[in-house]
Amino acid sequence: MATKWAAFPHDMKGFAFAGDALKKAWPQLHAGDCEPFPDAKHAAALLKAAGKAAPKLDADALATALQDAWRAFHGGDFKAAFEAGEKLGPIGASVGVKAIGIHATYLVDSDAEKLKRFEQAAKLAEAAVKALPGEANSHYRLAFAMGRYSQGLSIVKALKEGIATKVRAALDATLELAPKHAEAHTAMAVYHAEIVNKIGALIGGMTYGAKPAEAEKHIKAALKLTPNSPIAHIEHGNVLMLLHGDKKEDEAAAAYEKAAKIKPADAMEALDAAYAREQIE
């Protein structure tokens, strides 16, 4: 269990989403990950699909618990969101993994602690894939957790452990279930670009199917689906630098500037935009 949680460091005003405000804001809040709104109907479907792995709650109670967990996430209380998601088991993994993952990405300083938390997130996601294989975000959260974990390792170690292959499989599964999953397109772009950057287009293409053209295709799709997402623009800049280096430095900087200027919809986007601002200052 993660023990120390740094507080959200920015103004939380506007990120409360009390009552019906959550449902109203949901299409914007989840444009990137295609998470279905957890009303009683969806909660009932999750309970049925998860079977023995489901929490002992009825659909209405589960819907309330999931909505409250997501309110905590969007409002910047990542600890509460993670704990609520973890308590719900595989059904709560989507919010739980996203909460601990975003918090670790931006608010944990220790590299060792980051790895520990991404490992924890991956275990939650693996349970979700097993219990809810028909949910796109079961697979995406696994790709996210493993991808972030791998970024904390040397490329040689990450490839040796087979993480790249697992991430690719999880992203393929995500996009098969949800072709308009912008965050999965973004992650797929980074997958292709990082491998090409680290081991070259020839070996990367032959061994892992990594191609510069695929990176560019996927980041273009993500930007088209979520033009107002800070992380899509940040990763666009990262992909440009990974593939082209200094030749695309100005374009990469412009992508970061776009991210920095976007008005955040929630706490996660506030962290994304703040990170972009730090990179260009």
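So, a few notes on the structure that sits alongside this text. These numbers were taken from a predicted model, which means no experiment stands behind them. (Residues numbered from 1 in each chain as written. Predicted model: local features only at pLDDT ≥ 70, side-chain atom pairs only at ≥ 80, totals over all residues. Heavy atoms only, no water.)

Our next topic: the nonpolar core. One finds Phe-73, Phe-78 and Val-97 to be the most contacted residues of the largest nonpolar core, which totals 68 residues. In this structure Phe-78 touches Trp-5, Phe-8, Ala-72, Phe-73, Ala-99, Ile-102, His-103, Leu-107, Ala-267, Met-268 and Leu-271, once residues within four positions along its chain are discounted. If you look at the next biggest cluster of nonpolar residues, it comprises 13 residues, including Ala-63, Leu-66, Leu-88 and Ala-131. (Core = buried A, V, L, I, M, F, W, Y, C linked by side-chain atoms within 4.5 Å. Buried < 20%, exposed > 50% of the residue type's maximum accessible area, 1.4 Å probe, protein only. Contact = heavy atoms within 4.5 Å.)

Take Asp-272: it is sitting in helix α15 (residues 267-280). Of the side chains with opposite charge, Arg-148 comes closest to the buried, unpaired Asp-272, at an N-O distance of 6.4 Å. The contact partners of Asp-272, leaving out residues within four places of it in the chain, are Tyr-106, Pro-230, Ile-231 and Ile-234. (Helix = DSSP H or I, 4+ residues; strand = E, 2+ residues; numbered from the N terminus. Lys, Arg positive; Asp, Glu negative; His and termini not counted. Salt bridge = Lys/Arg side-chain N within 4 Å of Asp/Glu carboxyl O.)

With respect to the element layout, Glu-183 can be found in helix α10 (residues 182-199). Along the backbone, Glu-183 and Ile-234 are 51 residues apart, and their C-alpha atoms lie at a distance of 12 Å. Those residues in contact with Glu-183 that sit more than four places away from it in its chain are Gly-32, Asp-33, Lys-98, Tyr-140, Arg-141 and Met-268.

Now for the packing of helix α4 (residues 78-87) against helix α5 (residues 93-107). Between α4 and α5, the least distance of the axes is 7 Å, while the angle of their chain directions is 145°. Between α4 and α5 lies a crossing whose hand is left-handed. Contacts between α4 and α5 involve Phe-78, Ala-81, Phe-82 and Gly-85 from the former and Ala-93, Val-95, Gly-96, Ala-99, Ile-100, Ile-102, His-103 and Leu-107 from the latter. In the contact of α4 with α5, the residues fall into 9 nonpolar, 3 polar and no charged. (Axes fitted to C-alpha atoms, helices over the stretch in contact; angles between N-to-C directions. Left-handed = near helix turned anticlockwise from the far one by under 90°. Nonpolar A, V, L, I, M, F, W, Y, C, P; charged D, E, K, R; others polar.)

For helix α14 (residues 249-261), with 13 residues, the first-to-last C-alpha span of 19 Å sits near the 18 Å given by 1.5 Å per residue. Among all positions in α14, only Ala-252, Ala-255, Tyr-256, Ala-259 and Ala-260 are buried. Viewed along the axis of α14, the buried residues span an arc of 140°, placing them on a single side of the element. Of the exposed residues in α14, those oriented more than 90 degrees away from the buried face are Asp-250, Lys-258 and Lys-261. Lining the buried residues of α14 we find α13 (230-244) and α15. (Expected span 1.5 Å × (residues − 1). Arc of directions from axis to C-beta.)

Residues Leu-202, Ile-203 and Met-206 make up a contiguous nonpolar surface patch of about 380 Å² in total accessible area. Topologically, Ile-203 is positioned in helix α11 (residues 201-208). (Patch = residues over 30% accessible without salt bridge, like charges linked within 9 Å, V, L, I, M, F, W, Y side chains within 5 Å. Areas by Shrake-Rupley, 256 points an atom, 1.4 Å probe, with all protein chains shown as cover.)

A word on the pattern of salt bridges. Scanning the model with the defined rule gives 10 salt bridges in all. Salt-bridge contacts for Lys-98 lead to Asp-33; the nearest nitrogen and oxygen are separated by 2.8 Å. Taken together, the residues Lys-98 in helix α5 and Asp-33 in the loop between α1 (21-29) and α2 (40-50) connect sequence positions 65 residues apart. Comparing Lys-98 with Asp-33, the two get one shared label, buried. We note a salt bridge from Arg-141 to Glu-35, for which the minimum N-O separation is 3.6 Å. Here Arg-141 is found in helix α7 (residues 136-151), whereas its partner Glu-35 is found in the loop between α1 and α2, with 106 residues between them in sequence. In terms of burial, Arg-141 and Glu-35 fall into one category: buried.

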